[in-house]
Amino acid sequence: ADSNWPSTPAELSSVETPWSVYDPYVASSEVEGGTPQASFGHLCLLKAVLFVMKQVAALVDGDSATAIGELLLEAIKKFKIPLTVALPVMELVKCLCDTHRTTKQALKGWQKDLVSQMETCVYQGAIFKPDRPLAMPEVETKRLAAALGYLGDLVLVCEESGKKNVSCFSKPESTYTNIHVLATDSVFSDIMSGNPKQHFRIPVPVQAQAIICLGKICLKNEKQAKNLADVFALLLRHFEPVVVRNNAFVVLYDLCVQYTGLVDPRLPMMTRALNDKIRFYRHQAMMVISSLMAEDYVKFRGQTVYRYLTVLADENEEIRSFVESFFTRILIPRQHGLFADVFVKTICALNCWKGHPL
């Protein structure tokens, strides 16, 4: 074994983690010798290590398991865990607690403590402050985005989240409202401020993380999913930042898979993305809608037919080729009379002709 590797709990807890949520080595290629590919590879390696640690958790002695858990929890509390691996880290801590009784006792209440800390951070970001600058400082932006990311992962990890009508939040309704405010960029000054229409802009990274956080809440809470489905659909509007639209689109996909039929009324808003000006967003929309149709969560009918057919004329060859392949390999073999049924209506619709009797 390498003599430099920590071999005792005390040595392990003294190791300083060399990465953080926005560590340049992880997040960019500005460091010496760093590349986006290397950063991605670093995170993938980190995920693999965490996965292996979960598998061998039972082989670790109780003291070491406790030390590892304390080290990871401390890193989360100090916002030093990259968002990409936050969920695997929390799952590892939970696994260590479930495997070792001494660790469970030593880390008792760790989920509630983390939830409380992140709730406080989200609350501070969502409330009105008279002396608050119109533009959120970068440090606060990073911290708030990280808190939202951690909070969403905690929702998936906490045991309470899986129980009906039970929330892992200490103040559920207040927390839902705060995250909703951040997701929809609707932090306004109150009437007592003297400028009731003053709007405090929420940075796009914070808004994007808030949408993902709301989505994870909805996956565990059907009532919230029904309440917020229209909110996610509205966030697909063309003037929203592309990262906001993209995250809302992904959340709607997950909700459609989790709660069949919930997203059907919002399909027109989703299929509109197939004709968006931004190639990345069109590609994402095409992949998501194709996946939903392939798995029969969405039917090839109504406006979906016409908008999906227009993608066959997309200026991007990769998108065109994928849609052609989807038609020839999935849709047509599944329904041989597909085009015979919709041909005339499609010609009329694509040419905006309303004279057809049907």
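Our subject is the structure listed above.
Please read these numbers as outputs of a predicted model, since none were measured by experiment.

Asker: So what's going on with the packing of aromatic side chains? Which residues, and what values?
Answerer: One pass over the full model with this rule turns up 7 aromatic pairs. Pairing Phe249 with Tyr281 gives two aromatic rings, centres 6.0 Å apart and planes at 85 degrees, and the pair type is edge-to-face. Separated by 32 residues along the polypeptide, Phe249 in helix H12 (residues 242–258) and Tyr281 in helix H14 (residues 279–294) bring together distant segments of the chain. Taken together, a centroid distance of 5.7 Å and an interplanar angle of 65 degrees make the contact between Tyr308 and Phe326 edge-to-face. Placement of Tyr308 in helix H15 (residues 303–310) and of Phe326 in helix H16 (residues 317–334) is noted, with a sequence separation of 18 residues between them. Judged by relative accessible area, Phe326 falls into the buried class, the value being 5%. Three or more aromatic residues joined by ring pairs make a cluster, and in this case those are Phe300, Tyr308, Phe326 and Phe327.

Asker: Provide a residue-level description of the packing of helix H9 (residues 172–183) against helix H10 (residues 204–220), including the pertinent values.
Answerer: Relative orientation of the contacting elements H9 and H10 amounts to 140 degrees, with a least axis distance of 7 Å. Taken together, H9 and H10 sit at an angle that is classed as oblique. The interaxial crossing formed by H9 with H10 has left-handed handedness. On H10, the residues touching Tyr176, Ile179, His180, Leu182 and Ala183 of H9 are Val206, Gln207, Ala210, Ile211, Cys213, Leu214 and Ile217. For the contact of H9 with H10, a count of residues per class yields 10 nonpolar, 2 polar and no charged.

Asker: Explain the side chain of Glu119 to me, and be specific about the residues and the numbers.
Answerer: Among the secondary structure elements, Glu119 is positioned in helix H7 (residues 110–126). One buried charged residue, Glu119, remains without a salt bridge, the closest side chain of opposite sign being Lys171 at 8.2 Å. In contact with Glu119, other than residues within four places in its own chain, are Leu151, Phe169, Ser170, Lys171 and Thr175.

What counts, and at which threshold
As a convention, each chain's residues are numbered from 1 in the sequence order in which they are written. Whole-chain, interface and lining totals are the exception, using all residues; otherwise, since this is a predicted model, local features are given only for residues with pLDDT of at least 70 and side-chain atom pairs are given and counted only at 80 or more. The basis for every side-chain value is the complete set of non-hydrogen atoms in the structure, without hydrogens or water. Aromatic pairing here means that ring centres of Phe, Tyr or Trp (its six-membered ring) are within 6.5 Å. Orientation follows from the plane angle: under 30 degrees is stacked, over 60 is edge-to-face, and everything else is tilted. Helix and strand definitions here come from DSSP, where helices need a minimum of 4 consecutive H or I residues and strands a minimum of 2 consecutive E residues; each element is numbered from the N-terminal end. Here's how the labels work: a residue is buried when its accessible area is under 20% of the maximum for its type, exposed when over 50%, partly exposed in between, all with a 1.4 Å probe on protein chains only. The axes are straight lines fitted to the C-alpha atoms, using for helices just the contacting stretch, and the angles between their N-to-C directions are given from 0 to 180°. With respect to orientation, any angle under 35 degrees is reported as roughly parallel, any angle over 145 as roughly antiparallel, any angle of 65 to 115 as roughly perpendicular, and every other angle as oblique. Crossing handedness follows the turn of the near helix against the far one: under a right angle anticlockwise gives a left-handed crossing, and clockwise gives a right-handed one. Here, residues are in contact when the closest pair of their heavy atoms is within 4.5 Å. Basically, the charged four are Asp, Glu, Lys and Arg, the nonpolar ten are Ala, Val, Leu, Ile, Met, Phe, Trp, Tyr, Cys and Pro, and anything else, Gly included, counts as polar. The sign given to each residue is positive for Lys and Arg and negative for Asp and Glu; His and the chain ends receive no count. When a carboxyl oxygen of Asp or Glu lies within 4 Å of a side-chain nitrogen of Lys or Arg, that pair is called a salt bridge.

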